[in-house]
Amino acid sequence: MVRFYLLLFLLPGGSVLLGNNIQITGLNVDYEVDNSGFALLTFDLSWDNSWRTSAAPGNWDAAWVFAKFRPDTDGEWQHIVLTTPPAAPTGATIDILDGTGAMIYAASTTSGSVNYQQTRLRMNLAANGVDWIENLEFQVFGVEMVYVPQGAFQLGSDSWGTEVNQFYSGSHPWKRPPYSVSSFNAITVGNGKDMLNFEVGTATNVPTTIPAGFPKGYRAFYAMKYELSQQQYVDFFNTLTPTQKALRDLTDSNGKGTDAVLNRNAIAYDDLAGGDASTTAPHVPVGYVSVSDMLAYLDWSGLRPMTEMEFEKLCRGPETPTVEGFAWGTDAIAGWALQPALLNSPTENITNLSLFLPETGYAGYNNTMQAGSAGPLRSGIYSASLTLNSTRVWSGAGYYGNMELSGNQAEGVITVSHTDGTQFTNAHGDGALTTAGSANVLTWPLTQHGVGTRGGHYGSAAVSLMVADRSSAVTTDTSPDIRHAWLQFRGVRGL
């Protein structure tokens, strides 16, 4: 008997109005007719507020779908290797990437809810080391992504802004113009003409070249639409072995140190009893993660970390940088205490947004957080808090539609300020971790020095939320295992 989970996987933003509410339901696994060496995973895939547009920015959202299996209830979960699937459901396109997962998106222009019934993925039994599917258990996971087209863009801002340590072009004694990324070729770092420059302060091991293989944001890629949710982390954690769970437990003394809610992190796990973790705030971004936790999740899911250059492209796209600008494209940000309602629910929202300030964007940072309510707000909360006329500015969205790039939780990124970061390449996770529970992709950072943060968080000053600000582009941590309440990560799938 084949056992499988009917996995209702809700991502952040489950609002009826403007949330996305991705669901994978009705999972059935059976041998392919007349092809017993393959199994078909069949399910219905749906989410709200989907789009594909031919107008600028000419992109679309998508679902990154991947699957796991285990031989019995006591066996270890293993990542499923996929092969070319049967025909996609009506209206959809399915791209299998490295056999690790499927990127599923609209085949033509669309806007609104999508429901791809009888979506099918093909599992090569031999490639997965099994001869039959009887007595196997299956899980299918989905992550909402946004497609970012290939193309040039600019890094930095302007010398007259208050951003710290921003990128700029060459050596100019009285101004620092933005630097144009116009190809995926190597970039020389320095103060000469046409070089990429930035302040290094007391930094060590600063690269002189950003290699051609480093993802600079010029080449097309997919990036998670939202910050990683607590439910996504719990789903990851619950597929790990007891040894791996011991390393990835956010509630232990190296993390928040409690199963109680702290800074809106509501993940609970009884390490003595074992079993599964849970959360009462599934739609709220995860916190209390470390660099090591971040890399482990991304390897497990078949994604990779985002670079800080890709972060800037997500925010502003091909637009000319705005001095002191935020992810939504203006230099105006709300400065009053926001009033959230229906906390921890799929419809958590803000009740005191203003429709009279068209240039003012919304974000969680030190001026907008209510006293005594430190912690991130539900992902996608600003767009879902407006009943009409939602705009990129009011939604707090980046140029391509990614949410909360400024504020809420800090974005863990690969830095270019240290050679541990610039050895990074467009290599993705394969779905498997080490026995201990760590990522094992060879070109990913081996130490914390290759990682920094961008975009600020719920406790930051406004300047840290500015797109060009690099004040935390190099971590000051002494270990990759140090956890922070304000840290999370946004996975990428490069093309």
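Provided above is the structure to which this section pertains.
Residue positions are given per chain, counted from 1 along the sequence in the order it is written. Per-residue local features are limited, in this predicted model, to residues with pLDDT of at least 70; the limit for side-chain atom pairs, both in listing and counting, is 80 or more; totals at the level of whole chains, interfaces and linings are taken over all residues. Note: side-chain values were computed over all heavy atoms of the structure, leaving out hydrogens and water.

Caption draft 1: Here's a closer look at the overall build of the chain. Each helix is a run of DSSP H or I of at least 4 residues and each strand a run of E of at least 2, with the numbering of both proceeding from the N terminus. The number of helices and strands found in the chain is seven helices and 28 strands. Note on method: radius of gyration uses C-alpha positions; expected globular size equals 2.2 Å times residues raised to 0.38. A compact globule built from 495 residues would reach a C-alpha radius of gyration of about 23 Å, and the chain, at 22 Å, matches this within 12%. With the principal axes as the frame, the chain shows a C-alpha extent of 70 × 50 × 50 Å. Taken over 495 residues, the chain has a buried fraction of 59%. Note on definitions: a residue-residue contact is assigned when non-hydrogen atoms from the two residues lie within 4.5 Å. Residue pairs in contact within the chain that sit at least 24 positions apart in sequence constitute 74% of those at least 6 positions apart. Of the roughly 18200 Å² of accessible surface on the chain, 52% is carried by carbon and sulfur atoms. When a residue's accessible area, from a 1.4 Å probe over protein chains only, is under 20% of the maximum for its type it is buried; when over 50% it is exposed; and in between it is partly exposed. Reported accessibility uses the Shrake-Rupley method at a 1.4 Å probe radius. Residues are deemed covered only where the shown protein chains occlude them.

Caption draft 2: Highlighting the pattern of salt bridges. Here a salt bridge means any side-chain nitrogen of Lys or Arg lying within 4 Å of a carboxyl oxygen belonging to Asp or Glu. All told, the structure shown has 19 salt bridges when counted by the stated rule. Note that Glu-144 is salt-bridged to Lys-225, the shortest N-O span being 2.8 Å. Of this pair, Glu-144 sits in strand E10 (residues 137-148) while Lys-225 sits in the loop between strand E17 (221-224) and helix H1 (230-237); the two residues are 81 residues apart in sequence, bridging distant segments of the chain. Each member of the pair, Glu-144 as well as Lys-225, carries the same accessibility label: buried. Arg-316 is the partner of Glu-312 in a salt bridge, and the nearest nitrogen-oxygen pair spans 2.8 Å.

Caption draft 3: Local environment of the pairing of strand E9 (residues 110-124). Pairing analysis gives 12 bridges linking strand E3 (residues 35-52) to E9, with the strands arranged antiparallel. Bridge pairing links Leu-41 to Leu-121 in E9. Only strands joined by at least two bridges in the DSSP assignment are considered to pair.

Caption draft 4: Summary view of the packing of H1 against helix H3 (residues 291-301). For the pair H1 and H3, interaxial distance at closest approach is 11 Å and the crossing angle is 75°. Taken together, the axis directions place H1 and H3 in an arrangement best described as roughly perpendicular. On H3, the residues that touch Gln-232, Tyr-233, Asp-235 and Phe-236 of H1 are Asp-293, Ala-296, Tyr-297 and Trp-300. The nonpolar class holds Ala, Val, Leu, Ile, Met, Phe, Trp, Tyr, Cys and Pro. Asp, Glu, Lys and Arg form the charged class, and all remaining residues, Gly among them, are polar. For the contact of H1 with H3, a count of residues per class yields five nonpolar, one polar and two charged. Here, axes are lines fitted to C-alpha atoms. For helices the fit covers the stretch in contact, and angles between N-to-C directions go from 0 to 180 degrees. Note that the term roughly parallel is reserved for angles under 35 degrees, roughly antiparallel for angles over 145, roughly perpendicular for angles of 65 to 115, and oblique for everything else.

Caption draft 5: Representation of the packing of aromatic side chains. Each pair of aromatic rings taken from Phe, Tyr and Trp, with Trp reduced to its six-membered ring, is defined by centres within 6.5 Å and is described as stacked if the planes are under 30 degrees apart, edge-to-face if over 60, and tilted in the remaining cases. A complete count under the given rule lists 20 aromatic pairs for this structure. Summarising the aromatic geometry, the rings of Trp-47 and Tyr-116 are spaced 6.0 Å apart at their centres and angled 75° between planes, so their arrangement reads as edge-to-face. Taken together, the residues Trp-47 in strand E3 and Tyr-116 in strand E9 connect sequence positions 69 residues apart. An aromatic cluster of three or more residues is present, and its members are Phe-66, Phe-141, Tyr-233, Phe-236, Tyr-297, Trp-300 and Phe-489. It is Arg-52 that lies over the ring of Trp-60; its NZ or CZ is 4.1 Å from the centre. Ring-over charges, as used throughout, are those where CZ of Arg or NZ of Lys falls within 6 Å of the ring centre and within 35 degrees of the ring normal. Positioned above the aromatic ring of Phe-198, the side-chain terminus of Arg-470 is 4.8 Å from the ring centre.

Caption draft 6: Local environment of the pairing of strand E2 (residues 23-32). In this structure, E2 lies alongside E3, joined through eight bridges in antiparallel fashion. Of the residues in E3, the one forming a bridge with Glu-32 is Asn-35. Counting the residues that bridge the hairpin from E2 to E3 gives two residues, and of these Asp-34 lies at a positive phi of roughly 60°.

Caption draft 7: Spotlight on the sheet that holds E2. Pairing is antiparallel across the open sheet formed by four strands, whose spatial order is E2-E3-E9-E6. Only two strands of the sheet have a single partner each, and these edge strands are E2 and strand E6 (82-83).

Caption draft 8: Here's a closer look at H3. Extensive coverage of H3 is indicated by the burial of 11 of its 11 residues. Those residues of H3 not exposed but buried are Val-291, Ser-292, Asp-293, Met-294, Leu-295, Ala-296, Tyr-297, Leu-298, Asp-299, Trp-300 and Ser-301. We define a polar contact as two N or O atoms separated by no more than 3.5 Å, with the added condition that, inside protein, one atom must be a possible hydrogen donor and the other a possible acceptor, whereas residues neighbouring each other in sequence contribute only through side-chain atom pairs. The backbone nitrogen of Ser-292 lies 3.3 Å from a side-chain oxygen of the residue at the head of H3, namely Ser-290. Following H3 by one or two positions, Gly-302 has its phi on the positive side, about 80°.

Caption draft 9: Molecular detail of unusual backbone geometry. In this structure, the amide linkage connecting Ala-56 to the following residue, Pro-57, adopts the cis form with an omega of 10°. Inspection of the secondary structure assignment puts Pro-57 in the loop between E3 and strand E4 (61-70). The backbone of Asp-34 shows a phi angle near 60°, a positive value even though the residue is not glycine. Along the polypeptide, Asp-34 turns up in the loop between E2 and E3.

Caption draft 10: Local environment of helix H4 (residues 308-316). For H4, the buried fraction is high: nine of the nine residues fall into the buried class. Of all the residues in H4, the buried ones are Glu-308, Met-309, Glu-310, Phe-311, Glu-312, Lys-313, Leu-314, Cys-315 and Arg-316. With its phi angle positive at about 55°, Gly-317 sits one or two positions after the end of H4.

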